[in-house]
Each structure stands twice: as C-alpha cells, then as structure tokens.
Amino acid sequence: MRVKLSALHAAIDFDYTPEELVTKLGDVGIEIESTERTDVLFRDVFVARVMRTAPHPTHHRLQLIDLDLGPRGTTSVYTAATNVREGDIIPVVIPGGRTADGMDIATRMFGTVESFGMLCSWKELGLDSDLLSSEEKEGILHLGSGAIVGSPFEEAWPVGDTAFEVSVTPDRGDALSVLGLARWIEVLKARDADQPFDMGDIKLPLPSALPHARNDGDLAVTINNQSLCSSYIAVLVQDVASGPSSHAFRTQLYQLCVRPVSRIVDMTNLCLKQYGQPTHAFDYDRLQEHRIIVRTSLPGETIVTLDGVLRSLEPGTLVIADAAVPVAVAGVMGGLASSVTAATTRIVFEIAHFDPRAVAHASRHLGIKSDAAYLYERGTDPGLTVSAVPSVLSALVREQCLGSYVSRVASAGIPVPAKLPLNLGLDQVNGYLGSNLDATDMQRLFGYEGIASSVTGTTLSVTPPSFRGDLTSWPEYVEEIVRMEGYDEFPSHVPNLALRPGSESPLKALCKRLRQILVGIGLVESRTVSFVRESTVTAMGLPPAPLLLNPLTVDWDALRPTMAVGLAGAAVRNLSRGREGFASFEIGKTFSVRGQSFDEETRLGILLAGKWQDANWTTPAASTSIFVLKGIIESVLRDLHVPCNVVSSDSAILETGASVLVSSETTALGTLGILRHDVGALLGLERDTFYAEFSVDALLKSIPAIGFKEFSRFPSIRRDIAVLVDSSMTAGQLQAIITENGGPLLKTIVVFDSFQGDSLPTGKKSVGFSMEFASPDRTLLGDEVDILVSSVEATLATRVGGILRRTRV
Amino acid sequence: MPSTIDEIRTDLETRLTAARNAQDVRNAQIEYLGKKGTVTALLKQISGVAEDQRRQFGEQVNALKQWAAQAIEQRLSNLSSTARRYDIDFSLPGQLMPAGKKHILTQVEEEVESVFLSMGFDIEEGPEIEQEYYNFEALNIPADHPARDMQNTFYLAPGMLLRTHTSPIQVRTMKRENPPIRMIATGRCYRRDAVDASHTPVFTQVEGLVIDKSITFADLKGVLQEFVRGVFGSSTNVKLLPSFFPFVEPGAETAISCPICGGKGCPTCKNSGWIEMGGSGMVHQNVLREVGYDTSIYQGFAFGWGIERIAMIKYGIRDIRMFYDNDLDFLGQF
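Residues numbered from 1 in each chain as written. Chains lettered and ligands numbered in written order. Predicted model: local features only at pLDDT ≥ 70, side-chain atom pairs only at ≥ 80, totals over all residues.

If you check an unreviewed UniProt entry, chain B appears there as Phenylalanine--tRNA ligase alpha subunit from Candidatus Cryosericum septentrionale. According to the UniProt record, the Sequence similarities (unreviewed entry) comment for chain B is "Belongs to the class-II aminoacyl-tRNA synthetase family. Phe-tRNA synthetase alpha subunit type 1 subfamily." (UniProt positions renumbered as here; feature names shortened; annotations may be inferred.)

An unreviewed UniProt entry annotates chain A as Phenylalanine--tRNA ligase beta subunit originating from Candidatus Cryosericum septentrionale. The Subcellular location (unreviewed entry) field of the UniProt record for chain A holds the comment "Cytoplasm". As recorded by UniProt, the Subunit (unreviewed entry) comment attached to chain A reads in full: "Tetramer of two alpha and two beta subunits."

With that settled, consider the overall build of chain B. Of the regular secondary structure elements, chain B holds 12 helices and 10 strands. Here the C-alpha atoms of chain B give a radius of gyration of 38 Å, more than 25% beyond the 20 Å that 2.2 N^0.38 yields for 334 residues. Reported as C-alpha extents along the three principal axes, the dimensions of chain B are approximately 120 × 40 × 40 Å. In chain B, which comprises 334 residues, the proportion classed as buried is 42%. Within chain B, counting contacts between residues at least 6 apart in sequence, those at least 24 apart form 65% of the total. (Helix = DSSP H or I, 4+ residues; strand = E, 2+ residues; numbered from the N terminus. Rg over C-alpha atoms; globule rule 2.2 N^0.38 Å. Buried ≥ 20, exposed ≤ 12 C-beta atoms within 10 Å, placed from the backbone. Contact = placed C-beta atoms within 7 Å.)

What follows is about the interface of chain B and chain A. Counting from both sides, the interface comprises 70 residues of chain B and, opposite them, 76 residues of chain A. Here the element with the most residues in the side of chain B that touches chain A is helix α8 (residues 217–232) of chain B; it accounts for 8 residues. Across the side of chain B that touches chain A, the residue classes tally to 38 nonpolar, 14 polar and 18 charged. (Nonpolar A, V, L, I, M, F, W, Y, C, P; charged D, E, K, R; others polar.)

All names here are of chain B. Only one face of strand β7 (residues 238–242) is covered, namely the face carrying Val238, Leu240 and Pro242; the face carrying Lys239 and Leu241 is uncovered. Relative to strand β8 (residues 248–257), β7 runs antiparallel, the two sharing 5 bridges. Bridging from a neighbouring strand, Pro242 pairs with Ala252 of β8. The turn joining β7 and β8, which pair antiparallel and follow one another in sequence, is formed by 5 residues. (Pairing = 2+ DSSP bridges.)

We now examine the domain arrangement of chain A. What the domain assignment reports for chain A is domain 1 (2–39 + 162–201), domain 2 (43–159), domain 3 (220–413), domain 4 (422–489), domain 5 (506–702) and domain 6 (717–808). Each of domain 2 of chain A and domain 6 of chain A has a C-alpha centre, and the two are 105 Å apart. (Domains from an automatic or database assignment.)

All right, on to the pairing of strand β11 (residues 220–223) of chain A then. Residue and element names in this part refer to chain A. Along β11, the buried face is formed by Val221 and Ile223; none of Ala220 and Thr222, which line the opposite face, is buried. In this structure, β11 lies alongside strand β14 (residues 291–296), joined through 4 bridges in parallel fashion. The partner of Thr222 across the bridge, within β14, is Ile293.

Residue and element names in this part refer to chain A. Spatial strand order, β5-β4-β3-β6-β9: 5 strands in an open sheet with antiparallel pairing. Whereas interior strands pair on both sides, the edge strands pair on one side only; in this sheet they are β5 (74–79) and β9 (118–119). Pairing geometry for strand β3 (residues 43–55) and strand β6 (residues 89–98), over 6 bridges, is antiparallel. Each residue of the ladder has a partner; that of Phe46, found in β6, is Val92.

The subject of this paragraph is the domain arrangement of chain B. The extent of an interface is frequently quoted as the accessible surface area lost upon association of the parts. You can read the domains of chain B as domain 1 (5–85) and domain 2 (104–331). The gap between the C-alpha centroids of domain 1 of chain B and domain 2 of chain B is 78 Å.

This part is about the packing of helix α1 (residues 5–18) of chain B against helix α2 (residues 22–33) of chain B. All names here are of chain B. One way to put it is that α1 packs onto α2 with a least axis distance of 9 Å and a crossing angle of 160°. With respect to α2, the axis of α1 lies roughly antiparallel. Relative to α2, α1 is oriented so that their crossing is right-handed. Across the interface between the two elements, Leu12, Arg15 and Leu16 from α1 touch Val25, Ala28 and Tyr32 from α2. Across the contact of α1 with α2, the residue classes tally to 5 nonpolar, no polar and 1 charged. (Axes fitted to C-alpha atoms, helices over the stretch in contact; angles between N-to-C directions. Parallel < 35°, antiparallel > 145°, perpendicular 65-115°, else oblique. Left-handed = near helix turned anticlockwise from the far one by under 90°.)

So, on to the UniProt feature "domain: Aminoacyl-transfer RNA synthetases class-II family profile" (unreviewed entry) in chain B. As annotated in UniProt, the feature "domain: Aminoacyl-transfer RNA synthetases class-II family profile" (unreviewed entry) corresponds to residues 104–313 of chain B in the numbering used here. Here residues 104–313 of chain B is 28% helix and 31% strand, with 13 Å between the C-alpha atoms at its ends.

Our focus in this paragraph is the UniProt feature "binding site: Mg(2+)" (unreviewed entry) in chain B. Under the local residue numbering, the UniProt record ascribes the feature "binding site: Mg(2+)" (unreviewed entry) to Glu249 of chain B. Sequence-distant contacts of Glu249 of chain B, defined by excluding residues within four places in its chain, comprise Pro475, Glu476 and Glu479 of chain A together with Gly281, Met282 and His284 of chain B.

The subject of this paragraph is the nonpolar core. All names here are of chain A. Membership of the largest hydrophobic core comes to 247 residues, with the highest contact counts inside it found for Ala234, Ala330, Ile347, Val348 and Leu393. Once residues lying within four places of it in the same chain are set aside, the contact partners of Ala330 are Cys229, Val294, Leu318, Val319, Ile320, Phe354, Ala358 and Val359. Of all hydrophobic cores here, the second largest spans 31 residues; its members include Phe46, Trp122, Leu143 and Ala156. (Core = buried A, V, L, I, M, F, W, Y, C linked by C-beta atoms within 7 Å.)

What follows is about α2 of chain B. An α-helical turn contains 3.6 residues, so any two residues separated by three or four positions project in the same direction. Residues and elements named next belong to chain B. Between its first and last C-alpha, α2 extends 16 Å over 12 residues, near the 16 Å set by a 1.5 Å rise per residue. Turning to α2, its buried residues number three or more, namely Val25, Ala28, Gln29 and Tyr32. When α2 is viewed along its axis, its buried side chains cluster within an angular range of 105° and face the same direction. Set apart from the buried face of α2 by more than 90 degrees, the exposed residues are Gln23 and Ile30. (Expected span 1.5 Å × (residues − 1). Arc of directions from axis to C-beta.)

It is worth spelling out helix α8 (residues 356–366) of chain A at this point. Residues and elements named next belong to chain A. The buried count for α8 comes to 8 of 11 residues, which makes it a mostly enclosed element. For α8, every residue scored as buried is listed here: Pro356, Ala358, Val359, Ala360, His361, Ala362, Ser363 and Leu366. Contacts from the buried residues of α8 go to β16 (310–312), β17 (318–321), β18 (326–329), β20 (347–354) and α9 (371–377).

The next subject is the environment of Asp639 of chain A. Of note, Asp639 of chain A is situated in helix α17 (residues 626–639). Residues Asp639 of chain A and Leu514 of chain A lie 125 residues apart in sequence; the distance between their C-alpha atoms is 9.3 Å.

Moving on, we come to the environment of Gly379 of chain A. Residue and element names in this part refer to chain A. Structurally, Gly379 is set in the loop between α9 and α10 (384–399). We classify Gly379 as buried; it has 23 C-beta atoms within 10 Å. Considering only alpha carbons, one finds Gly379 and Ala658, 279 residues apart in sequence, at a separation of 65 Å.

What follows is about unusual backbone geometry. The peptide bond linking Pro179 of chain B to Pro180 of chain B adopts the cis configuration, its omega dihedral lying at 0°. Structurally, Pro180 of chain B can be placed in the loop between α7 (167–176) and β5 (181–190). Within the chain, His641 of chain A stands out as a residue other than glycine whose phi angle is a positive 65°. Mapped onto the elements, His641 of chain A comes out in the loop between α17 and β31 (645–648).

Turning next to the UniProt feature "binding site: Mg(2+)" (unreviewed entry) in chain A. Here the UniProt-annotated "binding site: Mg(2+)" (unreviewed entry) positions come out as Asp470, Glu479 and Glu480 of chain A. By C-beta crowding, Glu479 of chain A is classed as buried, having 27 other C-beta atoms within 10 Å. Apart from residues no more than four positions distant in its own chain, Glu479 of chain A is found in contact with Glu249 and Pro250 of chain B. Using a count of 23 C-beta atoms within 10 Å as the deciding quantity, one classes Glu480 of chain A as buried. Glu480 of chain A has contacts with Phe446, Glu449 and Ile451 of chain A, leaving out every residue within four places of it along the chain.

What follows concerns the sheet that holds β8 of chain B. Residue and element names in this part refer to chain B. Across the sheet, 7 strands lie side by side as β1-β5-β6-β10-β9-β8-β7; this open sheet has mixed pairing. Edge positions in the open sheet fall to β1 (122–124) and β7, since each of these has one partner strand only. Going across the sheet, the axis of each strand differs from the next one's by a mean of 25°, ignoring polarity. The pairing of strand β6 (residues 202–212) with strand β10 (residues 299–306) spans 8 bridges and is antiparallel. By the bridge assignment for β10, Glu207 is matched with Gly304. Strands β1, β5, β6 and β10 of the sheet are contacted by α7, whose axis makes an angle of about 35° with β6.

Next up, the structure:
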C-alpha cells in the first residue's frame, strides 16, 4: 500500500521524521518497504484564473492568455496548449521562476508581443503522473474551483512529500488504511510517552452515530446469512451529478496515492484508502424492487461482473441480490447490470462487513483479485468503520455536491459485534515467553494498543478493540505483549534439554558418504533445478514425467525423471565457455508418475565429458572414457563394500552395446554407459558423454554389514600371464576361469592389458592378467605358485585357447 | 677474539658446521685465512715470539692454518655436491590431481546440520511432492487464507503440490512421534517465483522444531543465537523482529548482526547493521492441536531459514542464480 506522509499527518499529529517512522513501524511489525521523497523543485508558480483567450496576431498555433493572479495582479502569456478556456484555474510560472525540470523562465518575445511566464503541465510541476487522471496529464494542468487564485502552487497542491510503500503481513489487515496506520502511530506515541492509546488523537472524521436508518419501500436491506455478513448499510443518494471530483478532493486523493476517476469512484476509493472500508455503488434504478438481499447463491446462478465476464457462481457463494438476481459477488466485485452509468441519477452505496473467508473463497474461486477482496480477506473493522463510514460518505456526498440529497440509509445486521473478553494467566504468559512480567507490566503494554484489561488475582481479562480482528486466542495476546515490550527486550536462554546425540537417517548419511567419495575421486558436485521440459523427456524416450499444472515456463513444465538433463545443462554451460572437460555428479530427487500418484527416488547422476585432467609438464592430458566412468563406479561400490555384477542394459538414454546395468547380488543399482548420441545432441552436448545414474535408495539396501577379516601378513608372489583368445571372449569370462582354478591362495587378479589387431591373428585378442598369491600362515614358495599358475594355464588352454606369454615378477 | 689455537679451531669448526651455503664458508675463510684473518694474524705473530717458544708456536700455527684450509675446502665441496643433487625449480607446478568439490550449498547445509547435530537435534526428511494438507492446512494455513499468497505454489494435481517450505516435515515428525521433539530438516523447496537475483523457483531450507513441556520464546532466541554463532562466528548476534507466519504465534523475523561489517553498516546490510535471515516463532496452538498434542502440556518453537541466503551472506554472493548455474569457476571458489 502506497501512502504519503502528508496524508498521515492529516490523520494524526506526530513529530517523527520519515526515517524514524520507518524504524518505529518496523519495530511493531509494519514494514515500510521503501520511501520516496519528492522535493518542491519549481519556483514562483502561482494559481491563476484565465480571464480571456485570444489568438496570436501572426502565429496561428499560439493563443494569448490573460490571467488573473488575484492579489498579484494580472499578466498575460502565450501558449501552444489547446486545453485552456476562459474561467479555467491553472498554474503559471512567472518570469524569474523555474520549472521542476530546471527551466528558468524569463519574459519572452513571441513575434512582436511579450509573454510573461509559462503555463504548466504536470511535467513542469514534477507531479507524480501515476496519481493523475488521463485528463490531468493532457496539456495544462487544471485545478478545481477550490484552488485560491494568486496563491503559490505549493499551497494549492500537496507537492513536496514523502511516499511510503507499506508492506503488510496477512494478519495486519487493520493497518491497510490511513486510519489503520494512524492508529499504529498512536500506539507508537502512546508507547513512547508511556500513556494509554487514545482514539481521540485521531483527526480523521469518525462520527459514531449512524445517520437515521429506515428500512422501507424506497430501499430495503435484508441479510439472510448473518454469519457471513454481520452488517450491511445502504445509503441512497438522489439527483446524482456526474463529473470530476472537486479540487480539494483531488488533492486529498493525491496524498492518499489514489488516481482520480470520477466523483463516485473517487468517493468509494477514498473510503477504502482512508478508512480501510470497501464500498460499492449500485444504480438504484437498476435494482429490482429497490431491494438488497444478502444471501448465498443458488444452483445455476450466474453474474456478469463489472469486468464484463460472465461467471457461474458456485452454489453457496455470498452475493448481494436484488429481488430477482445477484447484483454483486459480496466483497469481490459488483455486477455490470446494476453498475453506475452516465445515465444514473440515483445511487446506492454499500457499506458492509463480510466474513473474510467467504470473500476469500469467492475471490479465489472466481479468480478475481480486487482491492475490496484484498481488504475483506484480511479482515475489516466490523465496528467503527461500518458505523462511521456511512456518515463519512454522506458528508462526502454533500461536500462533493454529488447529489442534492442523501435520502435514505437502510441497514440490517448488528453494527458492532461484541468482542468477548479473554482470560490470560500471568503464569501462562511468563511460562510461554520465559519472562518475568507482572500484571501491571502487562496492563501497561496492552494499554498502548488500546486493548482493555482488568486484573483478578493472577488472571488478566482482556478485550480487544473492534479493529483488531486478529486477536482471538491467548498466544495472540502474548504476541502483543512481545510487540509492545519489544522483541529484542526478551531474554535469551538455552533450553534445558536432555544431553543426547543427534541422529540422521541412513539415507542421508549415505548421501554424505557418496559425496565424500566422489569428491575424493575428483568430481565436482552440481545442483541443478528439478524442472525439465516435458518434450525433452519424451524425446529422450523416457516414460512420462510428472507435469506441473501451473509451470513457470514451458522449459520447466515437468519434474525431472533423470539427473541427466540438469547435469547435461551444467556441462554445456561450462564447455561452451571454453572448458575442455566436465566431470560432475549430482545427488537429489527424481520423480515419476505411478497411476494417479507420484513417486520420488533419491538418485546419483554422474556425467563425464571431454578431458578428465588437463595436461601439465609431468603428465599428458587424460580424457574421460567409459572406463574412467566404470572405474569411478567400481571405486564407489568398493568403498561401500557392495559386490556387483554387470549385464547389458536397456537404458533408454544410453547407447546399446555401450551401456551396462550394474546390480548388487539382489538389486539393480543403476546403469552406466555412453549417452545416446541423439540424446546428447538434444541436450546440447556435441561430443561423447559418459553417464551413470544410480539409485541411492537401492545402494542403501545393498550395503552389507562389515567386520574384520583375517589377512595375510606374509609376502605375496605375483605372476603375469597373457592369453590369446577369440575376440568374443570377455575379460570377465576369463577372470572367472582363473578365479575358479587359482585355488584359495589366489588373492587378487588385475587385468593389465587387453588388445587386438596389429600382430595378432584376425578374430583374436590378447588379455593379460596379473595374479597375486598369498597365504595367511606362511611365506609361499615360487615353485608351488608356479604349479598353481600352470593349472590355470592348462585350464585356459583347454577351455578357451593358447597361452601367449608368462612373466615372473 | 679467541686467544688460543684450540679456541680458534673450535670456533671455526662451529662456523663451518653452521654454514648454510658456500658464501657462509667463504666469509669464514676471509675471517680466518684472509689478510686480516685470525690465523694470518697468528702467523704474523710467530716472528715476535720468544726464541725458545717460536718453533713450537710456529708449528702449531702452521698446523692450524693447514687444517683450516682443508676444513674449508672440505665444507665447500660438501655444500656444492649437496646443491648439485637437489637443484629443483620449485616454481614448476606439481603433478595435477583431480580436484573434486562439494557444491557450496552442500557445504553450508552440512555445516548447519553439524551445528544442530552437536546440539542433539535429529535430522528429519520428507517428500518434495507433498500433500496440500501437510504443506498448508496442518500448518494453520487453511484454503482461502491470504497467507497462501505469501507462498506461490506449484501444483501437480488437486491436493498435490511441490512443498513450498520444509515445514510439512515438522507436521509429519510430530504426527509420528510424541514430545520431546528436537529436530531440523534440510531440503529442497519450490515456489512459483519469477527468476531474478534473489529468487529461484527451487531453493533450500533448514527448518527447526523443538517441542517439550517448558520450551519458551527465550529458548528460541537462545538456540538461534547458538546456531548463528556456530555458522557465522562467535561474534554474531541475533535480533528478533515482529512478523507473521501462520504456523507460529508470536511470530518473528530473525536478523543477525551483519557478519560482513560487524554491524557497523555496509551495502550488504543496507547500512542497518542487521540482515534478515528467516522466520521463527512459538509453534501455533492450532498446529499442535492438529498433530494431536495436548497444548496444555506441550509448547515449543520453530524456525525456517534459507540455505542459499546463509551462503550468500556468509560468502558475499550477490546472485542466487549462481547456485544453480553450476559454473566451475563459481563452484571452485568455495
């Protein structure tokens, strides 16, 4: 909400500087998001009345304007403006003066005649164009008849002010008006002076007596749902004269940061901004039987709202109806059929108190956001404003000469619903706050806010003012104590809690461990957004991803079913900026659709592209490869003691023949391989990309319990062999044969070499194994190891081929 | 000045042993064997010694001179051979090792978690796709409440949404367990906010909850104080300001003394000396009632802060988008 300092000063006397006000309001929970000071930048601008206009003798575009400056005499200026007529009240800057945009004004010759000054538009005056009507922004500014001719412009228009942008939390509906802010300023004053809140300090007119109310045939109000509408007052105004608001009214709107529209709209806007009370104007003659009925909508009822949209009403929506149909959605928006038009001569103003939830529900259901609904949702004052605003409105009607006659006020409902007192135990409060306040302290603090209280023993009975709809339960009163004492005045204390270690879930612990292992290997962790584009997921050949009903952009309309998209994005970003490699992982949730529901799973994605390590003078550059990726996975699984095996994978996003599914003894853990080239291209990756994705949930289930195993403390003996076999044999098959035949002393087998081509026969390949033998209880002899190796060689020879080479180490 | 031949010998021996380089040895050579050297001076004295002692003295001095020359040569040779063996250009870079790095948000998250683990808090988790009930209703944010406007929400289906905060984990924990509760939850949250320097639709929160028989507002302040000191350093202070969050009452915005300027005022704290970090307050009675706790026995506090915000303040990062760009030049800095 935007409001100017002058409007606040008009509502209450205070001598805080704007900066102090911002701090002090912030201390009680009303945040001023920004302040904007405007200075008077012009000089010698006066209010003038146009006495005569005449064309310039030679310049047909110019007019000679004779001006009356009241006590300052008369003058004449030439102007090219076309919106100046006899009798207009307009601002003029005289020779020696200066405009807000910095132009110094002197007597100037137009042909053969002199011009003594310049007429001003809003630009020369430095006015806030957001707060002017479209008419006010065209050509020379017109002041209303209320402006005093000859007076300095700064006396006729509220220039030189500070605008505040007030940000109000949803519970602070009571601060959404000038009256509301004035009440909080009164609270600040009361607290500073250690005196009770005094509503009498508020200078806004707040008549408490309703004008004479009569419910008769001319205008009858009925409330059918008292629980949703506690009171409804209708003010009938006859002989309505249309047109713009008076000068005084417009300057008031300027201070309230309300743009003028028309007399009727301006009046409703003033009530809203000044008092926080929404009002609505109906055309009396378009209300069937001149009746107003507050009721809930019936099945099948519709309304065309002021914005011209036909809306079907959910049965049970709170509406204002005439004798036949709904004419407004209560507190949200009026209907077009009953709205005020140029032909309107009789108006009914509505001042009502609606249930916040009823208005909020209708507003959300219909998708209408209006200023009125915004206020009603946050709670309006069922007391003061509902009783005062009709009188204020009636006074405004007279002041604005809107109609000749305020004829009827019809009302229904209870004007001020009684607020019940609430009991508050002293121990209850202190036990909640960890404080040591006595009854006197609490009464004093409540007093600053106008909360009535009385003490009986150790219990306080408290009653809120009608504008504090937020005070309904005891913790809310506790909050007021904190607010008034000052949040920072309360003690700080370390809770008396039992000593014990904190715990985290095994999954969380595993995620931490995985990160630690992967970072140790040399991978960088990425964190990418969880959103992907649905069409990308489809093009990748993955099952449908969960879709957002209200995505922020089409690029982010689904939840990621894989970590690949985000990691690829991170890779592209880095590679496109000249990096030659990207090796990264991410651990996070992936999402899938399961029937009518959704699943989420914690996964680890690893993506390698380009160089794995830069060259330097000690080592050549190392490129990432499928075996670098497999090595990373093997290292991780070895660290976690998860035994694994691989079979070919049917992963949608990996190349066939270049990808495997990795499983523990019981569970599929994940896949690794070369990212399908078309998928890579789709994601913007130009080169071979190696990608692995593992389920952390599955890994967790596969981690065995570990315990100590006896190991050999004697020297081991190593033997290397190389086997020439058919190319179709896999290293894994050969290794299985070696393991099977190596006996219990065979400790480790490492593939040290694998090649084909060159000197080797076609269809053959050579695979080299390094075997390490050790005994748990003695030093082995070379001869006994050789016997074992020979046995392995013999088996390999008979089962798969001949031995190429044998090396002793 | 050493007076006897033995003393001179001992002194020179010490000098040579202490010599770090050839220059030190040469300096010693000049001092002992140079024109004005100690040994040279002795040689000059020979002719002046009484005849009966001259011969003996002369032999001793000459022996000293011979020994000194030899010792100096020996030391020089030792030093030069050492230098030849280890003449390394240490300006050359070492062999590169792959440099892995945890994401900065992970680092901050783990730091926050370790502070709370050390205070006996359990770390709880919950789903990112959440039921509207846990995200809103159970937290005293009924449908149609204007507080819903505070958190722009992504929906997947009617009643199913992406959690807008980690607070539903509070509800799930309280429904599962009886007090006392001492927990935090860290995790990814989602809000339908347009992307700019201070908003991303994906962000990370840390949520805390303590419920027991006599937990007070003062305890909230005490725990936040410890947390802040643990993460930002022991001189950081906490200040509470009135604010509104539907699931707490009284509700507070938590500010910390600006760790960048120490509270003196700088651009980061907009010259106020304080930086707002997140919400906190005493858990609303409606929330406790909703999970079935007896509000006449149990009470407690909760807080929720942004991990990105903590990282931004701690490291002076100005743009939240950087966390999700994963630029190696950014990630490598922390």
